[in-house]
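Here is how the chains run, residue by residue.
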Amino acid sequence: MFVLTVDQRRSRRDIDRVPELLDRYRDHQLIRRFERTAGDEVQAVCEDAATVVSIALELVSTPHWSVGIGIGSVELPLPETTRAGRGPAFEAARDAVTRAKTAPAALAVSGPEPAAAEDAETASTLVALLVVRRSDQGREAVELMARGLSQTDAANRLKISKQAMSQRLSVAGWHIENAGRTLATRLLDAANTTGSHRP
């Protein structure tokens, strides 16, 4: 199981962004939806690694959030509210979000097998840094592709040539990002499977 603990960065000098986050991920595939746990911190429970990677990368692509991913078991049955949940995955998420506050991409992963969690964190961080350092033009091009547009349709939308669109995607690292997301997902799954077999 995965627990996401997310904390708003520099919250004392910013507006409260938690309500927007809660609304944004209300319909995502989560076992327990995001819920404010304390101050500007939220937490959710998820069993799908791809969903965890997607949410984590979306959040750290802005300067507003530190994201901790905890891997491990949870006490069952899960309570109705996320903040009432207990178990190793919740403890791991607490450790991860604390480390994320000083991590290069504001993202960290913790779990019962440190080496497996570190591998998942490294892959996730590399993809996150690629996304964070993308230019506005590159971000715009990638967002259109993420909506399911073809390169030709995306180019027409941006009023540029197909060749220019291909160049923007190349510079933005779009193909590398897709491969990186897949790798991060596999490593999270592997860390979760490895940890679940511990006595």
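Going by the structure above, here's the rest.
Here the structure is a predicted model, which is why all the values come from computation and not from measurement. (Residues numbered from 1 in each chain as written. Predicted model: local features only at pLDDT ≥ 70, side-chain atom pairs only at ≥ 80, totals over all residues. Heavy atoms only, no water.)

J.: I'd like to hear about the environment of Glu47, residue by residue, with values.
T.: Secondary-structure assignment places Glu47 in the loop between strand E3 (41–46) and helix H2 (49–60). Relative accessible area serves as the criterion here: at 54%, Glu47 is assigned to the exposed category. With near-sequence residues (within four places) excluded, Glu47 lies in contact with Met1, Phe2 and Ile31. (Helix = DSSP H or I, 4+ residues; strand = E, 2+ residues; numbered from the N terminus. Buried < 20%, exposed > 50% of the residue type's maximum accessible area, 1.4 Å probe, protein only. Contact = heavy atoms within 4.5 Å.)

J.: Before we move on, can you summarise the packing of aromatic side chains with the specific residues and values?
T.: The full count for this structure, using the stated rule, is one aromatic pair. Between Tyr25 and Phe34 the ring centres are 5.8 Å apart and the planes differ by 55°, which places this aromatic pair in the tilted class. For Tyr25, a relative accessible area of 1% puts it in the buried group. Overall, Phe34 belongs to the buried group, its relative accessible area being 8%. (Phe/Tyr/Trp six-rings, centres within 6.5 Å; stacked < 30°, edge-to-face > 60°.)

J.: So what's going on with the sheet that holds strand E4 (residues 65–71)? Which residues, and what values?
T.: Spatially, E2-E3-E1-E4-E5 is the arrangement adopted by the five strands of the open sheet, whose pairing is mixed. At either margin of the open sheet sits one strand with a lone partner, and together these are strand E2 (32–38) and strand E5 (107–110). Strand-to-strand twist across the sheet, computed as the mean angle between neighbouring axes with direction ignored, equals 20°. Here strand E1 (residues 2–8) runs beside E4; their pairing, made up of seven bridges, is antiparallel. When the bridges of E4 are listed, Val6 appears paired with Val67. (Pairing = 2+ DSSP bridges. Axes fitted to C-alpha atoms, helices over the stretch in contact; angles between N-to-C directions.)

J.: For the layout of surface pockets, give the residues involved together with the corresponding values.
T.: One number sums up the size of the largest pocket: a volume of about 450 Å³. Together, 16 residues line the largest pocket, and Glu58, Val142, Glu143, Glu177 and Arg181 are the ones closest to its centre. Grouping the constituent residues of the lining of the largest pocket by class yields five nonpolar, three polar and eight charged. (1 Å grid on protein atoms, 1.4 Å probe; cavity = no way out; pocket = protein on both sides within 12 Å on 5 of 7 lines; lining within 4 Å. Points joined across faces, edges and corners; volume = space filled by probe spheres on them. Nonpolar A, V, L, I, M, F, W, Y, C, P; charged D, E, K, R; others polar.)

J.: Now, about helix H3 (residues 88–100): what can you tell me, with residues and values included?
T.: For H3, built from 13 residues, the straight-helix expectation of 18 Å at 1.5 Å per residue is met to within 8% by its first-to-last C-alpha distance of 18 Å. Restricting attention to buried positions, one finds in H3 the residues Ala89, Phe90, Ala92, Ala93, Ala96, Val97 and Ala100. Taken end-on, H3 shows its buried residues confined to a sector of 155°, consistent with a single buried face. Tucked inside the fold, the buried residues of H3 contact E1, E3, E4 and E5. (Expected span 1.5 Å × (residues − 1). Arc of directions from axis to C-beta.)

J.: Just give me the short version of helix H4 (residues 114–132), but keep the residues and values in it.
T.: With 19 residues, H4 extends 26 Å from end C-alpha to end C-alpha; this agrees with the ideal 27 Å at 1.5 Å per step. Ala116, Ala117, Ala120, Glu121, Ala123, Ser124, Thr125, Val127, Ala128, Leu129 and Val131 are the residues of H4 that are buried.

J.: Could you give an account of the pattern of salt bridges, with specific residues and numbers?
T.: Any two side chains of opposite charge can pair, given that their charged atoms come close. The full count for this structure, using the stated rule, is 13 salt bridges. A salt bridge links Asp95 to Arg99, with the nearest nitrogen and oxygen atoms 3.3 Å apart. Of this pair, Asp95 and Arg99 both sit in helix H3, four residues apart, which is roughly one turn of that helix. Asp95 gets classed as partly exposed once you look at its relative accessible area, which sits at 37%. By relative accessible area, which is 31% here, Arg99 ends up partly exposed. A network of salt bridges, in which partner residues are shared, links Asp16, Arg36 and Asp40. (Salt bridge = Lys/Arg side-chain N within 4 Å of Asp/Glu carboxyl O.)

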